[in-house]
Amino acid sequence: MTTTTMTPPGGGKMSLTVKVMLGMGLGLIVGVIFNMIDSSFINTHVVGGLFAMIGKMFVNALKMLVVPLVFFSLICGVTGIGDIRVLGRVGGKSFALYLATTAIAIAVAILLATIIGPGKGFDMAGVDTTGVTGKEAPSVWDVFAGIVPTNPVASFANGDMLQVIFYTVILGIAVLMLGGKSKPFIEGCEYMNEVMMKVVSIVMAFAPYGVFCLIAKTFTEQGIELFIPVMAYVVTLVLALLLHLFGTLMLLLKALSGLNPFIFMKKMRPAQIFAFSTASSNATIPVTLRCTTQRVGVDNSVASFCVPFGATINMDGTAIMQGVATVFLANVYGIDLGLGGYVTVIAMAVLASIGTAGVPGVGLVMLTMVLSQVGLPIEGIAIILGVDRLMDMIRTAVNITGDAVVSTIVAKGEGKVDMAIFNDPDAGVMTEDDLEMDEAAEKELAAYAKPH
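Residues numbered from 1 in each chain as written. Predicted model: local features only at pLDDT ≥ 70, side-chain atom pairs only at ≥ 80, totals over all residues. Heavy atoms only, no water.

## Some words on the overall build of the protein
Next up, step 1: Within the protein, the secondary structure is distributed over 20 helices and 0 strands.
Next up, step 2: In the protein, which comprises 452 residues, the share counted as buried stands at 52%.
Next up, step 3: Taken as a whole, the protein presents about 19,400 Å² of accessible surface, with 66% of it coming from carbon and sulfur. (Helix = DSSP H or I, 4+ residues; strand = E, 2+ residues; numbered from the N terminus. Buried < 20%, exposed > 50% of the residue type's maximum accessible area, 1.4 Å probe, protein only. Areas by Shrake-Rupley, 256 points an atom, 1.4 Å probe, with all protein chains shown as cover.)

Structure below.
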């Protein structure tokens, strides 16, 4: 993939990241104000109507990009690597790192929650536990068997990312094995990959408005009062997420790649903002890919595999939530899980993260599996249900940062990080110029449009 250096925001034009941050800040303010006003007209027509519509359209537009972007980008990545053994090495490293970071994340979360002790003395009176149902945990064999699709077309249509990745990698390997015959196909995929990146630019131009509506809707509906009964849970969870984000992940990045964590975090800010606003790792894939390749400098041959793979199996933030929530509910019900129980929680969280999609609210589904395994009442989820949406936004930002960290570590080990891009603060910065055709393209289009 050809890396395009975006126009820096020095010419008086505001970068997209700044616009999105403004939209997020305004959305938060408007949401809190609307929640305090509590007008039925505003709640029904403005928040539940206009804001919900625009927010859903924006998230749908991001999801619309995921499957074709992953397919063409991954084909280009596999063929760009050129060596099947190298591809196996990249896949093996990324898989091992994703599992390791998830296990570390939930272990640290359980340790921190055990020290703080959220849930002790909690009063269950007034908590509505109706409507909370559990889900049976899949076996490890079912999880791995499900990676192979029976119908690739159905996998593409349903957005089953593990199956899409598996099929695309197999197709890419077959393309490599055909040698010179595959050149036209590879060139076509490279062109379509460029087209999809341009479509990403078009969709992202509407991001400030979509983010504003999503944040305003969330804070209007949630309000501050929901946090008071479960404040100890919220504080413990946020501390654990921040500790993993700025501690564990950045230490791993520095230790295994030698890159500057401060530069890395600054470069990944746009993807983190998108993840926070959408609460969906899958929907954020286009932005994470763009930041990882064009801002951090990871070669597309590595990023195109590691990022979508991570969005599917890497659930660091969700694993942290499960660890904190398990300790919280064990304290609420006065149940001592013991060391064996917590080891089971860690194993279950790692297993569940492999076979669960990166979509909003999936953490609660995974939590029911974990609670069932350790014998805690599933109805306890009702206690944290109200604050889960906001917590989901934070943990999704942690999830995609973990995806980018692993992608960067693997790429650095393979010599696939462009240090000139990484050290350039303006590399990949997106402004309005990304939507403007260059002069030559405009002349060509104008000439084509003239009657012949």
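## Some thoughts on the nonpolar core
Next up, step 1: Counting residues in hydrophobic clusters, the biggest one holds 122 residues, and the most contacted among them are Tyr233 and Phe264.
Next up, step 2: Beyond its immediate chain neighbours, meaning those up to four positions away, tyrosine 233 contacts Pro118, Met321, Val324, Ala325, Phe328, Ile384 and Val387.
Next up, step 3: Listed in part, the 6 residues of the second largest apolar core include Val47, Phe51, Cys213 and Ala216. (Core = buried A, V, L, I, M, F, W, Y, C linked by side-chain atoms within 4.5 Å. Contact = heavy atoms within 4.5 Å.)

## Describing the pattern of salt bridges
Next up, step 1: Under the counting rule described, the total for this entry stands at 3 salt bridges.
Next up, step 2: A salt bridge links arginine 395 to aspartate 392; its shortest N-O distance comes to 3.4 Å. Within this pair, arginine 395 and its partner aspartate 392 are both found in helix H18 (residues 388-413), separated by 3 residues, close to a single helical turn. Across the pair, aspartate 392 and arginine 395 agree in class, each one buried. (Salt bridge = Lys/Arg side-chain N within 4 Å of Asp/Glu carboxyl O.)

## As for the packing of helix H3 (residues 84-116) against helix H13 (residues 300-313)
Next up, step 1: Running from N to C, H3 and H13 cross one another at 30°; their axes reach a closest spacing of 10 Å. The angle between H3 and H13 places the two elements in the roughly parallel class. Crossing of H3 over H13 shows right-handed handedness. Of the residues in H13, those touching H3 at Val90, Gly91, Ser94, Phe95 and Tyr98 are Val302, Phe305, Cys306, Val307, Phe309, Gly310 and Ile313.
Next up, step 2: For the contact of H3 with H13, a count of residues per class yields 9 nonpolar, 3 polar and no charged. (Axes fitted to C-alpha atoms, helices over the stretch in contact; angles between N-to-C directions. Parallel < 35°, antiparallel > 145°, perpendicular 65-115°, else oblique. Left-handed = near helix turned anticlockwise from the far one by under 90°. Nonpolar A, V, L, I, M, F, W, Y, C, P; charged D, E, K, R; others polar.)

## Thoughts on a nonpolar patch on the surface
Next up, step 1: On the surface, Leu111, Ile115, Ile116, Met231, Val235 and Leu239 cluster together into a nonpolar patch covering about 560 Å² of accessible area.
Next up, step 2: For the nonpolar patch, the elements supplying multiple residues, two or more each, are H3 and helix H9 (231-257).
Next up, step 3: Examined against the element boundaries, methionine 231 turns out to sit in helix H9.
Next up, step 4: Classification of methionine 231 by relative accessible area gives partly exposed; the value is 38%. (Patch = residues over 30% accessible without salt bridge, like charges linked within 9 Å, V, L, I, M, F, W, Y side chains within 5 Å.)

## With respect to the side chain of lysine 267
Next up, step 1: Looking at the secondary structure, you find lysine 267 in helix H10 (residues 261-267).
Next up, step 2: Buried and unpaired, lysine 267 has no salt bridge, with aspartate 424 as the nearest side chain of opposite charge at 5.8 Å.
Next up, step 3: Polar side-chain contacts of lysine 267 include one of 3.3 Å to the backbone oxygen of phenylalanine 422.
Next up, step 4: Once residues lying within four places of it in the same chain are set aside, the contact partners of lysine 267 are Cys291, Arg295, Val296, Ile421, Phe422, Asp424, Pro425 and Ala427. (Lys, Arg positive; Asp, Glu negative; His and termini not counted. Polar contact = N/O pair within 3.5 Å; in protein donor to acceptor, adjacent residues only side chain to side chain.)

## Topic: the packing of helix H2 (residues 40-81) against H13
Next up, step 1: Direction vectors running N to C along H2 and H13 enclose 135°, while the axes themselves pass 7 Å from each other. Considered as vectors, H2 and H13 are oriented oblique to each other. Crossing geometry of H2 relative to H13 is assigned as left-handed. Across the interface between the two elements, Val70, Ser73, Leu74, Cys76, Gly77, Gly80 and Ile81 from H2 touch Asn300, Ser301, Ser304, Phe305 and Pro308 from H13.
Next up, step 2: Taken together, the residues of the contact of H2 with H13 sort by class into 6 nonpolar, 6 polar and no charged.

## What to know about the side chain of threonine 284
Next up, step 1: Looking at where threonine 284 falls in the secondary structure, it is placed in the loop between helix H11 (269-278) and helix H12 (285-296).
Next up, step 2: Note on threonine 284: relative accessible area 0%, which makes it buried.
Next up, step 3: Excluding anything up to four places from it in sequence, threonine 284 contacts Ala271, Phe274, Ala275, Thr278 and Ile400.

## Considering the confidence of the model for the protein
Next up, step 1: The pLDDT averaged across the protein works out to 79; a share of 82% of its residues lies at or above 70.
Next up, step 2: Highest mean pLDDT in the protein belongs to H10 (93); lowest belongs to helix H20 (residues 439-449) (48).
Next up, step 3: Counting contacts from residues 128-134, a segment whose pLDDT is below 50, to residues more than four positions away or on other chains yields 12 contacts.
Next up, step 4: In the predicted structure, residues 437-442 sits below a pLDDT of 50 and forms 2 contacts with residues beyond four places in sequence or in another chain. (pLDDT = per-residue confidence, 0-100.)

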